[in-house]
Amino acid sequence: MSTATLTIDLSALTANWSALAAMGRAEAGAVVKADAYGLGAARVGRALAKAGARTFFVAVTEEGVALRQALGDGPVIYILSGHMAGDADMLSDMDLTPILNSLDQMIRHLEALPGHPFGLQLDTGMNRLGMEPSEWAAVRDIALAQGPQIIISHLACAEDRDEAMNTDQLSLFRQMTAGLDCPLSLANTGGIVLDRAYHFDVTRPGIGMYGGRTFPQAQPVVTLDMPVIQCRDVAPGEAVGYSRAWIAERPSRIATLSAGYADGILRCLGNRAAVWAEDTPCPIVGRISMDLIGVDITDLGHDPKSVALLGPHQGIDVVGDAAGTIGYEILTSLGARYTRRYLGG
Ligand SMILES: *Cc1c(COP(=O)(O)O)cnc(C)c1O
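Thresholds applied
Residues numbered from 1 in each chain as written. Predicted model: local features only at pLDDT ≥ 70, side-chain atom pairs only at ≥ 80, totals over all residues. Heavy atoms only, no water. UniProt positions renumbered as here; feature names shortened; annotations may be inferred. 1 Å grid on protein atoms, 1.4 Å probe; cavity = no way out; pocket = protein on both sides within 12 Å on 5 of 7 lines; lining within 4 Å. Helix = DSSP H or I, 4+ residues; strand = E, 2+ residues; numbered from the N terminus. Contact = heavy atoms within 4.5 Å. Buried < 20%, exposed > 50% of the residue type's maximum accessible area, 1.4 Å probe, protein only.

As annotated in an unreviewed UniProt entry, the protein chain carries the name Alanine racemase and is attributed to Pelagivirga sediminicola. Recorded under Cofactor (unreviewed entry), the UniProt text for the protein chain is reproduced unchanged: "pyridoxal 5'-phosphate". Turning to the protein chain, the UniProt annotation filed under Sequence similarities (unreviewed entry) states: "Belongs to the alanine racemase family."

Enquirer: Help me understand the UniProt feature "active site" (unreviewed entry) in the protein chain, please; the structure alone is not making it clear to me.
Expert: In the UniProt entry, the feature "active site" (unreviewed entry) is given for Lys33 and Tyr242. In terms of the greatest pairwise C-alpha distance, the residues named above, spread along 210 residues, do not form a single cluster, extending to 35.9 Å across. Taking the annotated residues in turn, Lys33 line the largest pocket. Within the fold, Lys33 resides in helix 2 (residues 33-37). Contacts of Lys33, omitting those with residues within four sequence positions, involve Phe57, Val58, Ala59, Glu63 and Leu80. Mapped onto the secondary structure, Tyr242 falls in the loop between strand 12 (239-240) and strand 13 (246-247). Take Tyr242: its relative accessible area is 57%, and that puts it in the exposed class. Excluding residues that lie within four positions of it along the chain, Tyr242 makes contacts with Arg287 and Ser289.

Dropping the structure here:
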């Protein structure tokens, strides 16, 4: 095998979804936007449907079309960006449900697809998507007369348990939906973990299913193994890679891996992270190239066939920390060149 291998454990992923679902009485939906956070929306979606998921959320209509083709009829597919100009045929042909974010979207939807199901998003303080209290007050009666399938809002700080904004958003969401006979949804993974008060009728877990630390009990889902192409001895004072960004201070053994920033391994990880050869961490040395990475295997004592960037020793969050970003971006950056293997599901 000359390319790196990305292994996606669908059994772990569906077990994480089931564990999140079991944390409350709400129906657990599943967020599979951005190609299921880079892991493959068709495979992930089918595994989740088999595990019992009936409600899916994607970001844009095109993602909904692909997901419908993978899942077939039955599951509800919500489009978080709502009804965008030109999407009416796709929404109608593929039975997709837009979550309307504004008065403009509502008018567009009611004109283009009267009678077609829709949801609504309310803004409770994130100022990203959804209707603010004043806009909501103006359209509420028209919207409710049409019978929305769901009303959602989104938490800005759910991962920070002490952040006062969580309870502010919760009480505003309650106020804006008081007395309504419509399924409500507020919680992403962070909101599910925060408290049952945030669960309402449908939850929207994403990162927790994919093994992110927001859900501390999550099982790891991804493993990324990179084959070693070549190993060499490097004398003290010699450099490795572009721009001489790492210089050996001792007699060193360097392995060159077949993977690079073209595979979504963030270039800033050069000199800042390690890969694992069995139980031994091997520092990434020098700049990450487009297709190649140098690692210091001196302390390993032998030449490995492959090493892991993601796996049991090191998850997406550890790599995210090293890169100065978050596990989500590590996942969604994963490249297209890997050999992808799916386990279970
Ligand atoms: C991405 C997203 C989610 C999932 O969030 P996680 O933090 O990954 O659980 C839920 N709801 C909305 C509106 C989102 O955009």
